[in-house]
Amino acid sequence: MKSQIYPEEDLFNPPSLFTFACKNAINMKEEQNIQHTCVDCGTQNCKFKVRTYPEFCPTTNLKDEDLQWALERYEEGRNHDIMVASAEVEFEGYCQWTRIQEIMEFAHKIGAKKIGIANCIGLINEARIFAKILRANGFEAYAIICKVAGKAKSSIGIPAKCEGIGAAMCNPILQARLLNEAKTDLNVVIGLCVGHDSLFYKYSDAYVTTLVTKDRVTGNNPAAALYTAQSYYKKKFGV
């Protein structure tokens, strides 16, 4: 268990009581300015049901109309089918299936035959492999790459300096439109940039899931930076 008294880097060189008091006062002041939410909960009683809820818990402070609104949405369109299929995939493949297999099993359960792929050009090889796997398993794969149309970034008002790493803009809205026109049943994102993925999700008609989240530093494993946030990345993240 990590020390709750001294910062991790000071365990072998504890600060003076005065220094500790000052740091503690600063931390308390910062704590007072934080609106606590689920990440600050140490019980997760919404799952376990035998523990206590913190005072700030959204579950115990929930308005009936908000809960009812959400429950009603699960009956709209195919939302209920999606919820059931998702739960079945989680149960049947728990700690056994890779995400690729989970996506295919999910697609089978919702009757999705034509799978759209919205991929980054930097992950074209990964997209090709995924398409090959889909086709080998009886699906139709239809991919649209991020640089489709080949428009210059500056043509839509993106600062010219951004063309220093490549002139062609990513075009997530067009990716979504072309997949919509192709009438895909389910779309899969492979490595779209931060923000571009947001626009793709917004404009896609089909439901969307993500296979790969791009991280150019960690080999597309963004969680790696979280695992090292208390060590190698501690100063970089300011934690």
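Bear in mind the structure is a predicted one, so any value in this text is a computation, not a measurement.

For the structure shown, the criterion picks out one aromatic pair. Centroid distance Tyr233 to Phe237: 5.3 Å. Interplanar angle 25°. Geometry classified as stacked. A cation over an aromatic ring shows up here: Arg51 above the ring of Phe48, its NZ or CZ 3.8 Å from the ring centre. Over the aromatic face of Tyr142 sits the side chain of Lys114, whose NZ or CZ is 5.0 Å from the ring centroid.

This brings us to the pattern of salt bridges. Across all of its chains, the model carries eight salt bridges by this definition. The network of salt bridges with common partners includes Glu72, Arg73 and Glu76.

All of the buried residues in helix H7 (residues 172-181) are Pro172, Gln175, Ala176, Leu179 and Asn180. Here the buried residues of H7 occupy an arc of 135° about the axis, which is enough to place them on one side. When the buried face of H7 is taken as reference, the exposed residues oriented beyond 90 degrees from it are Arg177 and Glu181. Where H7 is buried, its residues touch strand S1 (114-119), strand S2 (140-145), strand S3 (186-190) and helix H8 (196-203). Lys183, located one to two residues past H7, shows a positive phi value of around 55°.

In space, the four strands of this open sheet follow the order S2-S1-S3-S4, with parallel pairing throughout. Single-partner strands in this sheet number two, and they are S2 and strand S4 (207-212). The average angle at which neighbouring strand axes cross in this sheet is 25°, direction not considered. Of the pairings in the sheet, the one linking S3 to S4 comprises five bridges and is parallel in character.

Helix H6 (residues 124-136) packs onto helix H5 (residues 99-110) with a crossing angle of 45° between their chain directions and a minimal axis gap of 11 Å. Between H5 and H6, the angle is such that the two are oblique. Along this stretch, H5 crosses H6, giving a crossing that reads as right-handed. Here H5 contributes Ile100, Ile103 and Met104 to the contact with H6, which in turn contributes Phe130, Ile133 and Leu134. Within the contact of H5 with H6, the residues separate by chemical class into six nonpolar, no polar and no charged.

Analysis parameters
- Residues numbered from 1 in each chain as written.
- Predicted model: local features only at pLDDT ≥ 70, side-chain atom pairs only at ≥ 80, totals over all residues.
- Heavy atoms only, no water.
- Phe/Tyr/Trp six-rings, centres within 6.5 Å; stacked < 30°, edge-to-face > 60°.
- Lys NZ or Arg CZ within 6 Å of the ring centre and 35° of its normal.
- Salt bridge = Lys/Arg side-chain N within 4 Å of Asp/Glu carboxyl O.
- Buried < 20%, exposed > 50% of the residue type's maximum accessible area, 1.4 Å probe, protein only.
- Helix = DSSP H or I, 4+ residues; strand = E, 2+ residues; numbered from the N terminus.
- Arc of directions from axis to C-beta.
- Contact = heavy atoms within 4.5 Å.
- Pairing = 2+ DSSP bridges.
- Axes fitted to C-alpha atoms, helices over the stretch in contact; angles between N-to-C directions.
- Parallel < 35°, antiparallel > 145°, perpendicular 65-115°, else oblique.
- Left-handed = near helix turned anticlockwise from the far one by under 90°.
- Nonpolar A, V, L, I, M, F, W, Y, C, P; charged D, E, K, R; others polar.

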